[in-house]
Amino acid sequence: MIDIKLIRDDPERFKKAAKDKKIEVDIDRLLQVDTGLLTAKQRLQEIATEKNRVGKSIPKLTGDEKQQALAELAKLKAEEPPVDEKVEQLQPEFDFLMLLVAQPADDDVPLGKDDTENVELRREGQVRKFDFKPKDHVQLGADLGIIDIERGVRLAGTRNYFLKGDGARLHLAVLQFSMDVMLARGYTPMSVPLLMKDEAMQGTGYYPGSEEQTYRMETDELNLAGTAEVPLTAYRMGEILNEEDLPLKFTGLSTCFRREAGAAGKDTYGLYRIHQFDKVEQVVICKNSVEESNKYHKEILSNSEVVLRALELPYRVVVVCTGDLGRGQAKKYDIETWMPSRGNYCETHSASKFYDFQARRMNLRYKESATKKNIFCHTLNNTVVASPRILIPILELYQNADGSVTVPKVLQPYMGGQEVIK
RNA sequence: GGAGCAGUGGCCGAGCGGCUGAUGGCGACGGUUUUGAAAACCGUUUUACCCUUACGGGUAACGGGGGUUCGAAUCCCUCCUGCUCCGCCA
């Protein structure tokens, strides 16, 4: 959410932000509603002031004076309904429009229409050249008996799968390893609820907008989170934190559920785009300062790079262009890891910086020691690792000519010292 | 799932129709005193929005929403949350 005062002061900035991000929002209408609402509320306030003044005198009055005061009160009361009605009509529209206003992208974010115009920052690691014909992860998974997509689909529908044996172990190993990396870096591990109320979805910015991507438990009015970002960021929703307690750094492992509506026919092959996966996520909640936000944006990006380097996977970092940014994101780095079967670097991580966009939506503040004022926090998040997507590059890049797969060195301790899957 | 009880400021806890944004205690902060600290004493201590250059003023909020009333923390309805007992089950 954006401070309405900023929108009043510079509407053009927010029209441009929406246009750059390809987001629909009627700023003119918002300001119109805002003015109407303000006028009505001021009138209501004047009436209330009068009512309070007259009402307070009632117990002291008797006879005619009292009757007169009561009559005056009745008159004031009669003025309220039309104004009230206006507020009741405009307030919901105002609230809804406010949820649609986009956070302007940072000035250094490249202008672009979609993910094809994201800008590569740098490449890390060497892309492996094979001296034999490599298999893709689906083939490897089937041949080694560690991935069973066929039965996953049979039992749960398209985009579902089973991992079994060493496949399941490798999956757990990479998650556990990533969690341990984050622990070593001072992040607090969290196990989180995944059925979230609408408020949490709205607070993090997923609602309104991503309802179609979300599995919803209609009987209970709860939503299956698509990422632990939701519970981790909303953890202290509505609270006023102590400045000394910031930054809050969380890491959480959770299953992630995504409907992938509108992606029909896209990335249907293999384990790339699936309805359910597990992910270690990182969230930082820090003070309201651009410098702090930028500092932690770099930090969460580098945390994930530590994981990828440890896994010895080649990747590149891209700056996401305006057209591919979400409503609340001021800037986003994606990490794309090399996937031989796709012949490309593909998104495995996404590091987002929100400033106070999410904090405003969920009323998450801290008390600034110096001024005693309550100030909205800044929030950021990034993937630490998402599996089984990360198993695609791991399996494909670590495969051997004989069809076996070497276990990455850092994961071997998590698999009881096992060095190879065969 | 059934029955009962309860939700007040950072915390504890009064109030049960107007003089209560709310007594008191604790905590926190500032001051006096002290070589320093403690203690004691004095003072301050919610939030949102609106008006105002400022000083300041106004409105709203006692779990959420609605109602009764000239007026509600206080009465009524409803929802939510917590606790206790019973049932059921990991």
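Up top is the structure these notes are about.
As a starting point, this report considers the structure included with it.

Parameters and conventions
- Residues numbered from 1 in each chain as written.
- Chains lettered and ligands numbered in written order.
- Predicted model: local features only at pLDDT ≥ 70, side-chain atom pairs only at ≥ 80, totals over all residues.
- Heavy atoms only, no water.
- Pairing = 2+ DSSP bridges.
- Helix = DSSP H or I, 4+ residues; strand = E, 2+ residues; numbered from the N terminus.
- Axes fitted to C-alpha atoms, helices over the stretch in contact; angles between N-to-C directions.
- Near = heavy atom within 4 Å.
- Polar contact = N/O pair within 3.5 Å; in protein donor to acceptor, adjacent residues only side chain to side chain.
- Contact = heavy atoms within 4.5 Å.
- Phe/Tyr/Trp six-rings, centres within 6.5 Å; stacked < 30°, edge-to-face > 60°.
- Lys NZ or Arg CZ within 6 Å of the ring centre and 35° of its normal.
- Parallel < 35°, antiparallel > 145°, perpendicular 65-115°, else oblique.
- Nonpolar A, V, L, I, M, F, W, Y, C, P; charged D, E, K, R; others polar.
- Buried < 20%, exposed > 50% of the residue type's maximum accessible area, 1.4 Å probe, protein only.
- Core = buried A, V, L, I, M, F, W, Y, C linked by side-chain atoms within 4.5 Å.
- Left-handed = near helix turned anticlockwise from the far one by under 90°.
- 1 Å grid on protein atoms, 1.4 Å probe; cavity = no way out; pocket = protein on both sides within 12 Å on 5 of 7 lines; lining within 4 Å.
- Points joined across faces, edges and corners; volume = space filled by probe spheres on them.
- Domains from an automatic or database assignment.

1. Describing the sheet that holds strand β15 (residues 374-376)
Strand order in the open sheet formed by three strands is β8-β14-β15, with mixed pairing between adjacent strands. Each having just a single partner strand, β8 (240-242) and β15 make up the two edges of the open sheet. Neighbouring strand axes in the sheet, compared pairwise and without regard to direction, differ in orientation by 40° on average. Relative to β15, strand β14 (residues 365-367) runs antiparallel, the two sharing three bridges. Counted as the bridge partner of Lys367 is Asn374 from β15.

2. Describing the protein's contact with RNA strand B
Every one of the 17 residues lining RNA strand B counts as a neighbour, but Gln45, Thr49, Leu73, Lys367 and Asn374 are closest to it. One nitrogen or oxygen atom from the side chain of Arg365 is found 3.1 Å from a phosphate oxygen belonging to RNA strand B. One of the side-chain nitrogen or oxygen atoms of Lys367 is found 2.7 Å away from a phosphate oxygen of RNA strand B. Mapped onto the surface near RNA strand B, the elements with two or more residues apiece are α1 (4-9), α3 (27-57), α4 (63-100) and β14.

3. What about the sheet that holds strand β16 (residues 378-387)?
The sheet built from eight strands is open, its strands ordered β1-β11-β12-β13-β16-β10-β9-β4 with mixed pairing. With partners counted over all chains shown, the strands left at the sheet margins are β1 (119-124) and β4 (188-190), one partner each. If you compare each strand with its neighbour and ignore which way they point, the axes differ by 25° on average. With three bridges connecting them, β4 and strand β9 (residues 248-257) associate as parallel partners. Each bridged residue has a counterpart across the sheet, and for Met190 the counterpart in β9 is Gly252. Across the face of the sheet, helix α7 (residues 166-184) comes into contact with β4, β9, β10 (276-286) and β16 while running at roughly 145° to β16.

4. Here we look at the packing of aromatic side chains
Enumeration according to the criterion identifies four aromatic pairs in this entry. The interplanar angle of 75° and the centroid separation of 6.0 Å between the aromatic rings of Phe177 and Tyr414 together place this pair among those described as edge-to-face. Of the two residues, Phe177 sits in helix α7 while Tyr414 sits in the loop between β17 (405-406) and β18 (420-421), which places them 237 residues apart along the sequence. Directly above the aromatic system of Tyr272 lies the positively charged group of Arg342, at a separation of 3.6 Å from the ring centroid. The ring of Tyr272 has Arg389 sitting right over it, with the charged end atom 3.6 Å from the ring centre.

5. Quick look at the packing of helix α2 (residues 11-21) against α3
As a packed pair, α2 and α3 sit with axes 10 Å apart at the nearest point and diverge in direction by 140°. By the criterion of interaxial angle, the relationship of α2 to α3 is oblique. Contact residues: α2 offers Pro11, Phe14 and Lys15, while α3 offers Ile27, Asp28 and Leu31. For the contact of α2 with α3, the residue count by class is four nonpolar, no polar and two charged.

6. Comments concerning the pairing of strand β12 (residues 331-339)
For β12, the tally of buried residues reaches nine of nine residues, placing the bulk of the element in the interior. Burial of the side chains of β12 extends over both faces: Lys331, Tyr333, Ile335, Thr337 and Met339 are buried on one face and Lys332, Asp334, Glu336 and Trp338 on the other. Bridge count for β12 against strand β13 (residues 344-353) is nine bridges, and the pairing is antiparallel. Its bridge partner being in β13, Met339 is matched across the sheet by Asn344. In sequence, β12 turns back onto β13 through a hairpin of four residues, with Gly343 there showing a positive phi of about 60°.

7. Some thoughts on the nonpolar core
Counting 56 residues, the largest nonpolar core has Leu170, Val174, Ile394 and Leu411 as its most contacted members. Of all the secondary-structure elements, those providing two or more residues to this core are α7, β10, α10 (290-310), β11 (315-319), β12, β13, β16 and α12 (391-397). Of all the elements, α7 adds the most residues to this core, at eight residues. Core analysis: the next-biggest nonpolar cluster, separate from the first, contains 27 residues, Val192, Leu241, Leu248 and Tyr366 among them.

8. Observations regarding the packing of α3 against α4
Closest axis-to-axis distance for the α3/α4 pair is 8 Å, and the angle between their directions is 155°. As far as their axial angle goes, α4 and α3 are roughly antiparallel. Considering how the two elements wind past one another, α3 and α4 form a crossing that is left-handed. Residues that form the contact of α3 with α4 fall into these classes: 16 nonpolar, three polar and 14 charged.

9. A closer look at the layout of surface pockets
Roughly 390 Å³ of internal volume is contained in the second largest pocket. The class makeup of the residues in the lining of the second largest pocket is nine nonpolar, two polar and eight charged. Each of domain 1 (4-100) and domain 2 (115-421) contributes no fewer than three residues to the lining of the second largest pocket.

10. Here's the deal with the pairing of β13
In terms of residue burial, β13 counts as a mostly covered element, since eight of its ten residues are buried. Bridge count for β13 against β16 is two bridges, and the pairing is antiparallel. Directly across from Lys353, in β16, lies its bridge partner Leu380.

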